[in-house]
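Coordinate analysis (summary)
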Amino acid sequence: MILKFKLSKHIILITLSLLLIVSCKKETSKNNNHIKESNLKSLDENIVNVTTNVMDFIIPDTLLSGWTTFRYNNKSTETHFFILEKLPDGVNLETYKNELVPPFKSAFSALIKNDFEAAMKALEQTPKWWYDVKFYGGVGLLSPKSQAETTLFLDSGTYAMECYIRMPDGMPHAFYGMLKEITVTKEKSNAKIPEADYNIIVSSETGITFQDSLKAGNYHLSVHFKDQKRYETFLGHDVNLVKIENDTLIPILNKWINAGDITSLRSPAPSGLIFLGGVEDLEVGETGFFQVFLDKGHYVLISEIPNALERNMFKAFTVYN
């Protein structure tokens, strides 16, 4: 019994680290664009447009290094996000698909059938280079028919870009086309570090720190990763901004966003939640930025980790007129 519990937990964590298998299936949501170009202060340099029409990423194959603003337009009918994984030297997307995807895919299939032993056996084939991957952030969870902007500092190298929200059957979006290679050149852009109106601090020890309330308006927010750790999922923490209809939805959000639960992070997302982006996993000491228009209502900043509420990895705040 104890052995089976540990095995199950271990698999689920690795499942999450798949960042390869999350799916964004058919979701019905209000067309709430909290990031309208006319309402936001966009950076003048190095803005990269990213578009998802269905289960894809349309983005240039090559980017300049340095500060980069990703303007993500989710035109699909499902919630999506993307994270950037800097690959070790000598590893590219072909290697990724040939060596990492097959064991992850087999593990997910086994987990969905509650066959934990088969999942563990499949994960034994995970390539060693996977543990040398560095996370460079990305745009947080974003509802259908919405836009978001996130600014990150990119070093030169080869990156995998993916969405791992899950289909209703539990299989990740990365298996269905939301996996792309990006090359970042040594040539740097002239873009400068953004200036934030307010700062968000995220730490495994103190949780997420932010304001209790804000006046409605356009904001450029920074997210500083005071520390970073690998949770049961073998992934670190991030910050996602969610508008909620009322506080009774917080426990529902907490359960759905738990990537360590094979039954969670599946489409469709619960009703009453509007995902507005944020900053995906960064390494310790790094800072990312995102822009958003906040109208009157109730909001939550939450990390996509197991038991975010118990770990204080969330922050509720209100926006007033």
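Preceding block: the structure.
Heads up: these notes are all about the structure in this document. Every residue gets a number counted from 1 within its own chain, in the order that chain's sequence is written. Predicted model: local features are reported for residues with pLDDT of at least 70 only, side-chain atom pairs are reported and counted for 80 or more only, and whole-chain, interface and lining totals are derived from all residues. Each side-chain value is derived from all of the structure's non-hydrogen atoms; neither hydrogens nor water enter the calculation.

1. Re unusual backbone geometry
For the record, the criterion: Runs of H or I in DSSP of at least four residues are treated as helices and runs of E of at least two as strands, each being numbered from the N terminus. Any residue under 20% of the maximum accessible area for its type is buried, any over 50% is exposed, and the rest in between are partly exposed; the area is computed with a 1.4 Å probe on protein chains only.
In this model, S267 is joined to P268 through a cis peptide bond whose omega is -5 degrees. Its place among the elements puts P268 in the loop between α4 (250–256) and β13 (273–279). Phi at L265 is positive, roughly 55 degrees, even though this residue is not glycine. Assignment of secondary structure puts L265 in the loop between α4 and β13. Of the residues examined, L265 reaches a relative accessible area of 0% and is grouped as buried. Its identity as a non-glycine residue notwithstanding, N307 has a phi of 55 degrees, on the positive side. Relative to the elements of secondary structure, N307 occurs in the loop between β15 (297–302) and β16 (314–320).

2. Brief notes about the sheet that holds β16
The condition that has to hold: Two strands qualify as a pair provided that DSSP identifies no fewer than 2 bridges between them. With axes taken as lines fitted to C-alpha atoms, and helix axes fitted only over the stretch in contact, angles between N-to-C directions fall between 0 and 180 degrees.
One open sheet holds the five strands; their spatial order is β10-β16-β15-β12-β13, and the pairing between them is mixed. Two strands bound the open sheet, and with one partner strand each, they are β10 (213–215) and β13. Strand after strand, the sheet turns through a mean of 25 degrees between neighbouring axes, direction not considered. Examined bridge by bridge, β15 and β16 share six bridges and lie antiparallel to one another. Among the inter-strand pairings, I302 is bridged to a residue of β16, identified as F314.

3. Observations regarding helix α3 (residues 116–123)
Heads up, the rule is: Throughout, the arc means that of the directions going from the helix axis to the C-beta atoms.
Buried residues of α3: F116, A119, M120, A122 and L123, and no others. The buried residues of α3 occupy an angular sector of 160 degrees when the element is viewed end-on, so they sit on one face. Residues of α3 that are exposed and angled more than 90 degrees away from the buried face: E117 and K121.

4. Points about the nonpolar core
Applicable threshold: Joining through side-chain atoms within 4.5 Å is the link that ties buried Ala, Val, Leu, Ile, Met, Phe, Trp, Tyr and Cys residues into a set, and such a set is a nonpolar core.
By size, the foremost hydrophobic cluster in this structure holds 94 residues, and its most contacted members are F70 and Y96. Per element, the largest residue contribution to this core is nine residues, and it comes from helix α2 (residues 93–112).

5. A word on the environment of V284
Note the following rule: When checking whether two residues touch, look at their non-hydrogen atoms; a contact exists if any pair is within 4.5 Å.
Mapped onto the secondary structure, V284 falls in the loop between β13 and β14 (287–294). Setting aside residues no more than four positions away along its own chain, V284 makes contact with F225, K226, D227 and Q228.

6. Focus on the pairing of strand β11 (residues 217–225)
Of all the nine residues making up β11, seven are buried; the element is thus mostly covered by neighbouring parts of the structure. Where strand β8 (residues 198–203) lies against β11, five bridges are found, and the strand directions are parallel. Paired with I200 across the bridge in β11 is V223. With eight bridges connecting them, β11 and β14 associate as antiparallel partners.

7. Let's talk about the packing of aromatic side chains
The cut-off we apply is this: Geometry of aromatic contacts follows a simple scheme: Phe, Tyr and Trp rings, the Trp one being its six-membered ring, pair when their centres are within 6.5 Å, and the pair is stacked under 30 degrees between planes, edge-to-face over 60, tilted otherwise. By definition here, charges over rings are those cases where NZ of Lys or CZ of Arg is within 6 Å of the ring centre and within 35 degrees of the ring normal.
Within this structure, the stated rule accounts for 17 aromatic pairs. Here Y96 and W130 contribute two aromatic rings whose centre-to-centre distance is 6.3 Å and whose plane-to-plane angle is 80 degrees, an arrangement assigned as edge-to-face. Here Y96 is found in helix α2, whereas its partner W130 is found in the loop between α3 and β4 (134–135), with 34 residues between them in sequence. The two residues Y96 and W130 agree in class, both being buried. Between Y299 and F317 the ring centres are 5.5 Å apart and the planes differ by 15 degrees, which places this aromatic pair in the stacked class. Placement of Y299 in strand β15 and of F317 in strand β16 is noted, with a sequence separation of 18 residues between them. Here Y299 matches F317 in class, with each residue buried. Here a set of aromatic residues connected by ring pairs shows up, and it is made of Y198, F210, Y219, Y299 and F317. The cationic tip of K105 hangs over the ring face of F175; the distance from NZ or CZ to the ring centre is 5.5 Å.

8. Focus on the pattern of salt bridges
For the record, the criterion: Salt bridge criterion: a side-chain nitrogen from Lys or Arg within 4 Å of a carboxyl oxygen from Asp or Glu.
This structure, assessed with the given rule, holds seven salt bridges. Put simply, E149 and R71 hold a salt bridge, and the shortest N to O gap is 2.7 Å. Here E149 is found in strand β5 (residues 146–154), whereas its partner R71 is found in strand β2 (residues 62–74), with 78 residues between them in sequence. Residue classification places E149 among the buried positions, given a relative accessible area of 2%. Close ionic contact of D212 with K315 constitutes a salt bridge, the shortest N to O distance being 2.5 Å.

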